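Next come the chains, spelled out residue by residue.
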Amino acid sequence: MEVVTGFSFKRILKDNKNWNRFVNRVSNLRDAIFENIVKVLVCRTPILGGHTLVCEHCGIEKIIPHSCKSRACSSCGKKLTDQWIQKSQDILPKTKWQHITFTMPDKLWEFFWYNRELFNLIAPMPAEILTKMAKKKGVIPGIFMAIHTFGRDLKRNVHFHVSITLGGLSLSKDRWIGTLYIHHAPLKTQWRYHVVNAFRNAYKEGNLVLPKSLTHIKTYTEFNAWLDKLYQKNWVVHLGPPQNDHQRNIEYLGRYLKRPPLSETNIKNYDGETVTFAYHDHHQGTTNHMKLPVLDFIGRVVQHIPDKYFRME
């Protein structure tokens, strides 16, 4: 039997043929979007099969339908997060962690939708910068990183969540060094330099497609001048306070590593034509609600589905 919750993403896709109407409205959808949405639509249905459990005492049978395990599935995403947190309790080091968010000016976000290979180019940079800084202090730290392409309101917002152990192995790998301090100013400077330089090189090598808003740029000199204006801006790298609470650290990592763009609990209403969802505004410290036409809502969610085989963490 298919399991359908209240205002689930799956229910919204299926109702009133919303997914079919969305496909007919939008051209050039990536294959990964089609594949993941098909998985969501058949999640916990007979199409995916299931397990039959039989009580050896009374003979009562219970069918457990298989789930799709798609990152786009809000139900499966929650389950995968819970499983990862449980599994990681005894694996990850019980030490002090620091959670860092690397951002970039919003004018750069659009590039990633025209040049998806930029994810491969930019994503390793935070860990590489942190590892290099730590090694200068004789430490090899543990690092987790997750790519996020969305803000809490599901708009495009490319940023990177990184968690690093404030300590690590010695360079000889024979002992644990329990202290490591991350300096904010050089971290911001290095991040900004590496990202801007990567964009410069990609354009110079002819490997960069410009968004429609920048089609007036025709030469490397013009592009470099445009980049230089962004370089002068303040790039935000947020260092959270060091955390020594193992359970809290694990839950933080699980939430950012495995969660889908929107949890089912944040979908507050669906009336057949519009969807209302809640999101937290961390700048104002408030919970806001956004109401969108259903097809616009679907588009805002599916644009964040990663390509096949691409790891977001």
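Residues numbered from 1 in each chain as written. Predicted model: local features only at pLDDT ≥ 70, side-chain atom pairs only at ≥ 80, totals over all residues. Heavy atoms only, no water.

Trainee: Break down the packing of helix H7 (residues 125-135) against helix H8 (residues 184-204) for me, citing the residues and quoting the values.
Mentor: Direction vectors running N to C along H7 and H8 enclose 135°, while the axes themselves pass 10 Å from each other. Judged by the inter-axis angle, H7 sits oblique to H8. The interaxial crossing formed by H7 with H8 has right-handed handedness. Packed against H7, whose contacting residues are Met-125, Pro-126, Ile-129, Leu-130 and Met-133, the element H8 presents Pro-186, Leu-187, Gln-190, Trp-191, His-194, Val-195 and Ala-198 at the interface. A class-by-class count of the residues in the contact of H7 with H8 yields ten nonpolar, two polar and no charged. (Axes fitted to C-alpha atoms, helices over the stretch in contact; angles between N-to-C directions. Helix = DSSP H or I, 4+ residues; strand = E, 2+ residues; numbered from the N terminus. Parallel < 35°, antiparallel > 145°, perpendicular 65-115°, else oblique. Left-handed = near helix turned anticlockwise from the far one by under 90°. Contact = heavy atoms within 4.5 Å. Nonpolar A, V, L, I, M, F, W, Y, C, P; charged D, E, K, R; others polar.)

Trainee: Quick rundown of unusual backbone geometry? Include the residues and the values.
Mentor: One non-glycine residue, Leu-154, adopts positive backbone phi at about 75°. For Leu-154, the location among the structural elements is in the loop between strand S4 (139-150) and strand S5 (156-170). Relative accessible area serves as the criterion here: at 0%, Leu-154 is assigned to the buried category. (Buried < 20%, exposed > 50% of the residue type's maximum accessible area, 1.4 Å probe, protein only.)

Trainee: Could you give an account of the packing of aromatic side chains, with specific residues and numbers?
Mentor: Under the counting rule described, the total for this entry stands at 17 aromatic pairs. Considering the side-chain rings of Phe-102 and Trp-191, the 5.2 Å spacing of their centres and the 70° angle between planes classify their relative orientation as edge-to-face. Of this pair, Phe-102 sits in strand S3 (residues 97-102) while Trp-191 sits in helix H8, and the two are 89 residues apart along the sequence. Here Phe-111 and Phe-199 contribute two aromatic rings whose centre-to-centre distance is 5.2 Å and whose plane-to-plane angle is 85°, an arrangement assigned as edge-to-face. Of the two residues, Phe-111 is situated in helix H5 (residues 111-114) and Phe-199 in helix H8; the sequence distance between them amounts to 88 residues. (Phe/Tyr/Trp six-rings, centres within 6.5 Å; stacked < 30°, edge-to-face > 60°.)

Trainee: Quick one: what's the story with the confidence of the model for the protein chain, residue by residue and with numbers?
Mentor: The predicted coordinates should not be examined in detail at positions where pLDDT is low. In this model, the protein chain carries a mean pLDDT of 89, and residues with pLDDT of at least 70 account for 97%. For the stretch residues 1-5, pLDDT sits under 50, and the model shows twelve contacts to residues farther than four places along the chain or on other chains. (pLDDT = per-residue confidence, 0-100.)

Trainee: Give a detailed account of helix H9 (residues 220-231), specifying residues and quantitative values.
Mentor: Compared with an ideal rise of 1.5 Å per residue, which puts twelve residues at 16 Å, H9 spans 16 Å between its outermost C-alpha atoms and is within 8% of the ideal. Those residues of H9 lying buried are Phe-223, Trp-226, Leu-227 and Leu-230. Each buried residue of H9 lies within a common arc of 95° when the element is viewed along its axis, so the set occupies one face. Those residues of H9 that are exposed and angled more than 90 degrees off the buried face are Thr-221 and Lys-229. Packed against the buried residues of H9 are H5 and H8. (Expected span 1.5 Å × (residues − 1). Arc of directions from axis to C-beta.)

Trainee: Break down the nonpolar core for me, with residues and values.
Mentor: Counting 48 residues, the largest nonpolar core has Trp-191 and Phe-199 as the members making the most contacts within it. At eight residues, the largest contribution of residues to this core is made by H8. With near-sequence residues (within four places) excluded, Phe-199 lies in contact with Leu-108, Phe-111, Phe-112, Leu-118, Ile-122, Leu-208, Phe-223 and Leu-227. Among the nonpolar cores identified, the runner-up in size contains 30 residues, and Leu-13, Ile-33, Cys-76 and Phe-277 belong to it. (Core = buried A, V, L, I, M, F, W, Y, C linked by side-chain atoms within 4.5 Å.)

Trainee: Explain the sheet that holds strand S8 (residues 267-270) to me, and be specific about the residues and the numbers.
Mentor: Taken together, the three strands give an open sheet; going across it, the order is S8-S9-S10, and neighbouring strands pair in antiparallel fashion. Each having just a single partner strand, S8 and strand S10 (286-293) make up the two edges of the open sheet. For this sheet, the mean inter-axis angle between neighbouring strands, taken without regard to orientation, is 20°. Sheet topology places strand S9 (residues 274-281) next to S10; eight bridges connect them, and they run antiparallel. (Pairing = 2+ DSSP bridges.)

Trainee: An account of the state of the cysteines is needed here, citing residue identities and associated values.
Mentor: Counted according to the given criterion, the structure contains zero disulfides. Looking at Cys-68, it has no disulfide partner, and the nearest cysteine sulfur is the one in Cys-43, 3.7 Å off. (Disulfide = S-S within 2.5 Å.)

Trainee: A description of helix H3 (residues 31-42) should follow, citing residues and the corresponding values.
Mentor: Taking 1.5 Å per residue, twelve residues should reach 16 Å; H3 reaches 17 Å between its end C-alpha atoms and fits that length. For H3, the complete set of buried residues consists of Ala-32, Ile-33, Asn-36, Ile-37, Val-40 and Val-42. Looking at the residues trailing H3, positive phi occurs at Arg-44, about 60°.

Trainee: Can you lay out the pattern of salt bridges for me, pointing to particular residues and giving the numbers?
Mentor: The tally for this structure, following the rule as stated, stands at six salt bridges. Measuring nitrogen to oxygen at the nearest pair gives 2.7 Å for the salt bridge that ties Arg-156 to Glu-110. Within this pair, whereas Arg-156 is found in strand S5, its partner Glu-110 is found in the loop between S3 and H5, the two being separated by 46 residues in sequence. One network of salt bridges, with partners in common, ties together Arg-30, Arg-116 and Asp-307. (Salt bridge = Lys/Arg side-chain N within 4 Å of Asp/Glu carboxyl O.)

Trainee: Explain the pairing of S4 to me, and be specific about the residues and the numbers.
Mentor: Two elements, S4 and S5, share ten bridges in a ladder whose sense is antiparallel. Residue pairing in the sheet places Phe-144 in a bridge with Ser-163 of S5. Between the end of S4 and the start of S5, which pair antiparallel, lie five residues, with Leu-154 showing a positive phi angle near 75°.

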